[in-house]
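# A structural walkthrough
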Amino acid sequence: MRMRVSTIESIPVREFYDGFKDQLDMHLFAGESGLDRVIREKSINRPSLAMTGYTKYFANKRIQLFGAGEMAFLRDQSEEEQFNSLRRIAEKGIPCIVVSRQLMPTRAMIRMCEDYGIPLIRTPITTKNFTTEGTVLLEDKLAPRTTLHGTLMDIRGIGVLLQGKSGVGKSECALALIERGHSLVADDLTYLRLVGDREIMCTSAELNRGFMECRGIGIIDVAKLFGVRSVRPEKRLDLIINFVEWRQGMVEDRTGLDQDYTSVLGMDIPRVEIPVRPGRDMARLVEVAAMVLALRNQGHDSAREFNERLIAHMSGE
């Protein structure tokens, strides 16, 4: 399965500020000339130690957040001492400074930001909350991304990506699943992003969200036909099911003891291959495959449990 991974390694301060200023209640206080500086790391740094002069491990690529502690440290110094403390971090090429809790920047801070062209941003949000919310927004903005051809469904809480050659029956299977109460996330092309190095979230393009292409019928509006609950804007990827055309003599998994995986954005995703042939209820098979995975995630593996029972029975004989 070929994937073209798109990774954004940095974003301009201007993009962060313009994109999230309402969400994080940010206001530009000084240093407007430096809005094209770039943020290169997802985390947010508090520069207390660096302001004292120890900059060996200073995280200069991050947003620098000044809370009550940092501002109290500055105010205990003379204006010239404040300027020198701030100059230590400014000369390391920091992207910007954010002052939380609606604290008022000092004159030395404003002068330093104007002299060095460093955006100075103020917010009423608490230091803890800005760190949490800002980090989540940066992680999403800088997350690795890719696209995969396939239809993504939410089946009882399990995100299932249906793949296969064009015309193999993915859309027909998806429609049957929707009729049974499951939800469509993306049709034909699924957009994926790695969140926090722990899970892959999937969505569709905004343009065709909630629409499906059905051969012989055309484009249908799923939400209007089946109700708003039949469409989900986003879902985690848990399972990939590949439809293949059945042919005489092909090897089919009869036990389920061996689990295959596919690497997607560096994560191993369980993969099942289901042969397609006349008379098979593909929607029912996909539904069962999702439920089997849900049971495995809870520690119940039917195939292994039956295998152990069979071995015990044979040993008893």
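Look a little higher up for the structure.
Residues numbered from 1 in each chain as written. Predicted model: local features only at pLDDT ≥ 70, side-chain atom pairs only at ≥ 80, totals over all residues. Heavy atoms only, no water.

## Points about the overall build of the protein chain
As a reminder of what qualifies: A run of H or I in DSSP becomes a helix once it reaches four residues, and a run of E becomes a strand once it reaches two; helices and strands are each numbered from the N terminus. C-alpha atoms define the radius of gyration, and 2.2 Å times the number of residues to the power 0.38 defines the globule rule. Accessibility here uses a 1.4 Å probe with only protein chains present; expressed as a share of the type maximum, an area under 20% marks a residue as buried, one over 50% as exposed, and anything in between as partly exposed. By definition, residues are in contact when any of their heavy atoms lie within 4.5 Å. Computed with a 1.4 Å probe, the accessible areas rest on the Shrake-Rupley method; for each residue, only the protein chains presented here act as cover.
Counting its secondary structure elements, the protein chain contains 10 helices and 19 strands. Scaling as 2.2 N^0.38, a compact globule of 317 residues should have a C-alpha radius of gyration of about 20 Å, whereas the protein chain reaches 27 Å, well beyond that. By its C-alpha atoms, the protein chain is 85 × 55 × 30 Å across when sized along the principal axes. Buried residues in the protein chain amount to 43% of all 317 residues. The contacts in the protein chain between residues at least 6 apart in sequence include a share of 70% that link residues at least 24 apart. For the protein chain, the exposed area adds up to about 17,500 Å²; of that, 48% sits on carbon and sulfur atoms.

## Looking at the sheet that holds strand 10 (residues 158–164)
Put simply, the rule is: A pair of strands counts as paired when DSSP detects no fewer than two bridges linking them. Axis definition: a line fitted to C-alpha atoms, limited for helices to the stretch in contact. Angles are taken between N-to-C directions and run from 0 to 180 degrees.
With mixed pairing, the 6 strands of this open sheet are ordered in space as 11-9-10-17-19-18. At either end of the open sheet lies a strand with only one pairing partner, and these are strand 11 (183–186) and strand 18 (260–264). Going across the sheet, the axis of each strand differs from the next one's by a mean of 35 degrees, ignoring polarity. Where strand 17 (residues 239–245) meets strand 19 (residues 267–276), 6 bridges bridge the pair, whose relative direction is parallel. The residue bridging Ile240 from the neighbouring strand is Arg271, located in strand 19.

## Details of the pattern of salt bridges
Our working definition: For this analysis, a salt bridge means a side-chain nitrogen from Lys or Arg found within 4 Å of a carboxyl oxygen belonging to Asp or Glu.
Tallying each qualifying case throughout the model produces 18 salt bridges. A salt bridge links Asp36 to Arg14; the shortest N-O distance between them is 3.2 Å. Of this pair, Asp36 sits in the loop between strand 2 (27–30) and strand 3 (38–39) while Arg14 is found in helix 1 (residues 13–20), placing the two residues 22 residues apart along the sequence. A salt bridge links Arg62 to Glu41; the shortest N-O distance between them is 2.6 Å. Remark: Glu41 occurs in the loop between strand 3 and strand 4 (44–45) and Arg62 occurs in the loop between helix 2 (48–51) and strand 5 (63–66); sequence separation between them is 21 residues. A residue is classified by how much of its surface remains accessible, and Glu41, at 27% relative accessible area, is partly exposed.

## Side note on unusual backbone geometry
In this structure, Gln102 is a non-glycine residue whose phi angle is positive, near 60 degrees. In this fold, Gln102 is placed in the loop between strand 6 (97–99) and helix 5 (107–116). Judged by its relative accessible area of 39%, Gln102 falls in the partly exposed class. Unusually for a residue other than glycine, Arg156 sits at a positive phi of about 50 degrees. Considering the arrangement of structural elements, one finds Arg156 in the loop between strand 9 (151–155) and strand 10. Look at Arg156 and you get exposed, because its relative accessible area is 58%.

## Some points on the environment of Ile178
Along the chain, Ile178 turns up in helix 7 (residues 170–179). The sequence separation of Ile178 and Glu114 amounts to 64 residues, and the corresponding C-alpha distance is 57 Å. Apart from residues lying up to four places away in sequence, Ile178 is in contact with Met153, Leu184, Met212, Val222, Phe226 and Ser230.

## Considering the layout of surface pockets
Cut-off, in case you're wondering: Only protein atoms enter the calculation, which uses a 1 Å grid: trapped sets of points that fit a 1.4 Å probe without letting it out are cavities, open sets showing protein on both sides within 12 Å along at least five of seven lines are pockets, and any residue with an atom within 4 Å of a point is a lining residue. Grid points are joined across faces, edges and corners, and a volume is the space filled by probe spheres set on the points. Polar here means any residue other than Ala, Val, Leu, Ile, Met, Phe, Trp, Tyr, Cys and Pro, which are nonpolar, and Asp, Glu, Lys and Arg, which are charged; Gly is therefore polar.
Estimated volume of the second largest pocket: approximately 300 Å³. Lining the second largest pocket we find 18 residues, and of these Ser166, Lys170, Ser171, Asp188 and Arg215 sit closest to its centre. Looking at the lining of the second largest pocket residue by residue, the class counts come to 2 nonpolar, 9 polar and 7 charged.

## Quick word on the nonpolar core
Selection rule: Among buried residues, those of type Ala, Val, Leu, Ile, Met, Phe, Trp, Tyr and Cys that are joined through side-chain atoms within 4.5 Å constitute a nonpolar core.
Ranked by internal contacts, the top residues of the largest apolar core, which has 28 residues, are Val160, Leu162, Ile241, Phe243 and Val286. In terms of residue count, the dominant contributor to this core is helix 9 (residues 282–297) (6 residues). Apart from residues lying up to four places away in sequence, Ile241 is in contact with Val160, Leu161, Leu162, Gln163, Val272, Ile274, Val286 and Ala289.

## Observations concerning the pairing of strand 18
As defined by bridge partners, strand 18 adjoins strand 19 across 5 bridges and the pair is classed as antiparallel. Across the sheet, Val264 pairs through a bridge with Met267, a residue of strand 19. Here strand 18 folds back onto strand 19 in antiparallel fashion, the turn holding 2 residues, of which Leu265 has a positive phi close to 50 degrees.

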